[in-house]
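For reference, the chains in residue letters:
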Amino acid sequence: MGADLKERYAQALADPPVAPPATSLSSLVLGLVKPYWTWLAIIFLAMLAETGMSLATPWPLKVIIDNVIGNEPLPHWLLWVEDLPLGRHNMELAAVAASAMVLFNALGGLASYTNNYFTESVAQYVANDLRRRMYHHLLRLSLSYYDTHQVGKLLSTITSDVSTIQDFASETLLNILIDALTIIGILSLMFYLNWDFTLMAVSVSPFILLFIIRFKKAVKAATHEVRKDQAEMVAVLQQGLESIRAINAYGRQDLEEDRLKQVSLETVEAALRARKIKSIVSPVVTILVSFCTAFVLWRGASLVLAGVMTIGALTVFLSYLSKFFSPIKDLAKMTTNIAQAMVALERIQQILETDIIIHQKPNARNPGKLKGNIVFENVTFSYADNLPVLHNISLLIQAGQHVGICGPTGSGKSTIASLIPRFYDPDAGRILIDGTDVRDFTLEGLRMQIGFVLQETVLIYGSIQENIAYGRPEATAAEIIEAAKRANAHDFICRFPKGYHTLVGERGMTLSGGERQRIGIARAIVRNSPILILDEPTASLDTEAERSVLEALENLMRGRTVITITHRLRTICHADKIFVIREGVVAEEGTHEELLQAGKLYSELYQLQDRKAVTINGSPHDTRVKP
Ligand SMILES: Nc1ncnc2c1ncn2[C@@H]1O[C@H](COP(=O)(O)OP(=O)(O)OP(=O)(O)O)[C@@H](O)[C@H]1O
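Residues numbered from 1 in each chain as written. Predicted model: local features only at pLDDT ≥ 70, side-chain atom pairs only at ≥ 80, totals over all residues. Heavy atoms only, no water.

Participant: Can you lay out the environment of Val458 for me, pointing to particular residues and giving the numbers?
Facilitator: Tracing the sequence through the fold places Val458 in the loop between strand E6 (450–453) and strand E7 (462–463). Since its relative accessible area comes to 58%, Val458 is described here as exposed. Considering only alpha carbons, one finds Val458 and Gly505, 47 residues apart in sequence, at a separation of 8.0 Å. (Helix = DSSP H or I, 4+ residues; strand = E, 2+ residues; numbered from the N terminus. Buried < 20%, exposed > 50% of the residue type's maximum accessible area, 1.4 Å probe, protein only.)

In structure tokens form, the structure reads like this:
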């Protein structure tokens, strides 16, 4: 058992969590449990044994009442007891009955242990598979999915909804199956004991089941509402904690608290509405069941008095009746759990079925080492339907060229850059690198050829060394140190007591903006891609930090095709070509001198910035990057 589990654990770590896309809830569930069919078979057998033992337990009592205490003859299926070497003494028969009771319970206990052991294993591994499958899917969705979905709500599904499924699989599902088997078994035995009596006794069951089914719908709708509100609450909390600096800076703690208060109260109200519906089910079922039991007691007493039924048979019948209604009552209670699990599955399925992915052609090829010729051919792109952000853009960037992209804010500069690594695909037109449409390359291969330094370098929680090697994990320690030296980062890293092993990112040491950018540059140097996209890499830095970062950038840019997006025109005035973007079109293109001579938008922007720099510093402030 242990070895099997260990093996499964190792597989769960190693298996790629890829699974065919789910189409319906049932196919999702079947796909999830399929790998565990041997365990499911063991569970089923153990369940049969557990149910059988539970059905057998009242019979020793009947033997004691009817055959040991009373004088009823032994039923024909028990005559073999007379052949035992125990003799025919009543107390010996009582000893057999008592031992049988212990045996039934012990076997039932063993079956129950096996059941729980394997059910919990299946539940844990199914939850593990679900989490991994969802994360795998989410990591590959197009960025446009995240433009319209809150991360907090997704977190809530990956954690809470998966836990709901896990709890359902490990507790409720097993109970439902055992209950169903028990009901079938008890009905058969009750028919054996007294069929017409049984028919009358259980005639109330269809009404109970109808009632339960009717309520299941209402409970499910209420549960949907509760989960929606709970996910909303996680989203509010996640956003608030993520924006903690802005909240402190603007003193908006009260506003954020109010937001949580509102959504938290909505969650409470939704949960109370759901409880109102849920709490009706149990009492109604209990009352219906008590009518039925009362009838059996009354009618049973008259049958015993008339000598048609033995006291033992009535006791066993009553014991079965309570066993029969207990799973029916459980089913009523479980309506809530079933509804919760259905809602959780639907929410998980919604994520798994999202198809906003950047598709890779089946015959896509790895581009290998690209030279870096980039062509935009009549590219049109919109984030939202029918609202183009780029209109018919055409650009030509030759391998090894350093080009600048500038233009007013919101004109589409960053959007242009994000189409090259296929963060998004254009609506019309195409983008070619070295003469091949980027959609003909594998996504991973294409992105390996592109390095980024953005306005803010995002540090991953881990050591500085891991952060530098993030884009190429196989980089050696020597390569990492060399990259840090070229990025002007080595000296400040060595000043930390733990050097390259210093923890950064969440909860780790916090680096200044300039230091973070230099880590970002070292990261791009280690990745060593022929195409480099610099999106306002110095925008958030002061003059001193900017100088050091620009020096590092010079080292990084050498020998690569570089696209620099910036508002600071002085940083691109030595570029081989500058594209001026306005309202999603290329308004002008040329070298710095050509654009100044043209005397249009670029020249206006440049002169405006020139005057500002003179005013601020008393002399022009030159932060140019020499290619
Ligand atoms: N993820 C997004 N979803 C929807 N619209 C977006 C998204 N990102 C940008 N936009 C919109 O697209 C337009 C172009 O944005 P983009 O970021 O490319 O401009 P930009 O020229 O780089 O601006 P800036 O100089 O301010 O960085 C803007 O109107 C912006 O509001």
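Let us keep going from here.
Participant: Let's hear about the nonpolar core: which residues, and what values?
Facilitator: The biggest cluster of nonpolar side chains holds 32 residues, and the ones touching the most others in it are Ile468, Ile493, Ile521 and Leu556. Listed by contribution, the elements that provide at least two residues to this core are helix H14 (464–468), helix H15 (477–486), helix H16 (490–495), helix H17 (513–527), strand E9 (531–535) and helix H18 (543–557). For Ile521, the residues in contact, after removing those within four places along its chain, are Val453, Ala487, Val549, Ala552, Leu553 and Leu556. (Core = buried A, V, L, I, M, F, W, Y, C linked by side-chain atoms within 4.5 Å. Contact = heavy atoms within 4.5 Å.)

Participant: Explain the UniProt feature "transmembrane region" (unreviewed entry) in the protein residue by residue, including any values.
Facilitator: When the UniProt feature table is mapped to this numbering, "transmembrane region" (unreviewed entry) covers residues 36–56, 173–191, 197–215, 280–298 and 304–325. Taken end to end, residues 36–56 has its terminal C-alpha atoms 30 Å apart, with 95% of it in helix and 0% in strand. Counted over residues 173–191, helix gives 100% and strand 0%. Its end C-alpha atoms are 27 Å apart. (UniProt positions renumbered as here; feature names shortened; annotations may be inferred.)

Participant: Quick rundown of the pattern of salt bridges? Include the residues and the values.
Facilitator: Any two side chains of opposite charge can pair, given that their charged atoms come close. With the rule as written, the count across this model stands at 13 salt bridges. Here Arg422 and Asp425 are joined by a salt bridge, their closest N and O atoms 2.8 Å apart. Accessibility expressed as a relative area gives 2% for Arg422, which makes it buried. For Asp425, a relative accessible area of 23% translates into the label partly exposed. Members of the salt-bridge network, linked through shared partners, are Asp161, Arg227 and Arg347. (Salt bridge = Lys/Arg side-chain N within 4 Å of Asp/Glu carboxyl O.)

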